[in-house]
Amino acid sequence: MNPSTRGPLQRVLVPVGAGVLGTLAMSGVYLGIVSLAGSPDHALSLFWEDRALVIPILLGFGLQVGLYTLLKTGLYLPVHAPAGGAVTAAGGGVSTAAMVACCVHHVADVLPLV
């Protein structure tokens with residue numbers, strides 16, 4: 001499908017939807033790791049305590065996914081241009097690593113039980 005034949009609503013909804021899904025997926029990774037190290041209640045309380053750090057990371061990752069989708073689908077380009085998939089994967093990997101590094105010290109709480 002030629003990008004110029006796509007409607008203006010699709011040009012906005014597709015990248016925004018992908019960004020929201022990316023944010024939700026990263027939130028799931030964060031809450032899942034903390035829940036495994038502690039409990040779901042602890043995960044939510046830690047999220048609330050660290051919200052000033054966690055929310056910008058989540059939103060930044062969602063923005064990366066949305067921009068990648070915008071470039072990859074060529075919604076605003078007359079011709080399909082190659083997109084930087086490696087750059088997005090690296091950015092997503094760094095965001096995930098930051099989330100894990102933030103929570104990995106809680107694994108030490110579980111070690112005596114193991």
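These lines cover the structure that appears in this document, whether it is placed above or below.

Here the focus is the layout of surface pockets. Of the voids in this model, the largest pocket is the one considered here, and its volume is about 190 Å³. In terms of lining residues, the largest pocket is bounded by Pro15, Val16, Gly19, Val20, Thr23, Leu24, Leu59, Gly62, Leu63, Gly66, Leu67 and Leu70. Listing elements by their share of the lining of the largest pocket, those giving two or more residues are α1 (8-37) and α3 (51-73).

Right, let's talk about a nonpolar patch on the surface for a bit. A contiguous nonpolar patch, built from Val12, Val16, Val20, Leu21 and Leu24 and spanning about 460 Å² of accessible area, is present on the exposed surface. Note that Val12 resides in helix α1.

With that settled, the discussion passes to the nonpolar core. Counting residues in hydrophobic clusters, the biggest one holds ten residues: Ala18, Met26, Tyr30, Val34, Ala43, Leu46, Val54, Leu58, Phe61 and Val65. Among residues more than four places away in sequence, those in contact with Ala43 are Tyr30, Leu31, Val34 and Ser35.

The next point concerns α3. The end-to-end C-alpha distance of α3 is 32 Å, a good match for the 33 Å that 23 residues give at a rise of 1.5 Å each. Those residues of α3 lying buried are Val54, Leu58, Phe61, Gly62, Val65, Gly66 and Thr69. Looking at the residues trailing α3, positive phi occurs at Gly74, about 65°.

Applying the stated rule across the entire model yields one aromatic pair. Above the plane of the ring of Trp48 lies Arg51, whose end atom (NZ or CZ) is 4.0 Å from the centre.

A separate point is the packing of helix α2 (residues 40-49) against α3. The relative placement of two packed helices is expressed as an angle between their axes plus a distance between the axes. α3 packs onto α2 with a crossing angle of 90° between their chain directions and a minimal axis gap of 5 Å. Between α2 and α3, the crossing angle belongs to the class labelled roughly perpendicular. Between α2, through Phe47, Trp48 and Glu49, and α3, the contact on the second element is made entirely by Arg51, Val54, Ile55 and Leu58. For the contact of α2 with α3, the per-class residue count stands at five nonpolar, no polar and two charged.

Moving on, we come to the side chain of Thr23. Secondary-structure assignment places Thr23 in helix α1. Excluding residues that lie within four positions of it along the chain, Thr23 makes contacts with Leu58 and Gly62.

This part takes up the environment of Thr69. Looking at the element boundaries, Thr69 is found in helix α3. Exposure remark for Thr69: the relative accessible area of 13% places this residue in the buried category. As for Thr69 and Gly19, which are separated by 50 residues in sequence, their C-alpha atoms are 8.2 Å apart.

Calculation rules
Residues numbered from 1 in each chain as written. Predicted model: local features only at pLDDT ≥ 70, side-chain atom pairs only at ≥ 80, totals over all residues. Heavy atoms only, no water. 1 Å grid on protein atoms, 1.4 Å probe; cavity = no way out; pocket = protein on both sides within 12 Å on 5 of 7 lines; lining within 4 Å. Points joined across faces, edges and corners; volume = space filled by probe spheres on them. Helix = DSSP H or I, 4+ residues; strand = E, 2+ residues; numbered from the N terminus. Patch = residues over 30% accessible without salt bridge, like charges linked within 9 Å, V, L, I, M, F, W, Y side chains within 5 Å. Areas by Shrake-Rupley, 256 points an atom, 1.4 Å probe, with all protein chains shown as cover. Salt bridge = Lys/Arg side-chain N within 4 Å of Asp/Glu carboxyl O. Core = buried A, V, L, I, M, F, W, Y, C linked by side-chain atoms within 4.5 Å. Buried < 20%, exposed > 50% of the residue type's maximum accessible area, 1.4 Å probe, protein only. Contact = heavy atoms within 4.5 Å. Expected span 1.5 Å × (residues − 1). Phe/Tyr/Trp six-rings, centres within 6.5 Å; stacked < 30°, edge-to-face > 60°. Lys NZ or Arg CZ within 6 Å of the ring centre and 35° of its normal. Axes fitted to C-alpha atoms, helices over the stretch in contact; angles between N-to-C directions. Parallel < 35°, antiparallel > 145°, perpendicular 65-115°, else oblique. Nonpolar A, V, L, I, M, F, W, Y, C, P; charged D, E, K, R; others polar.

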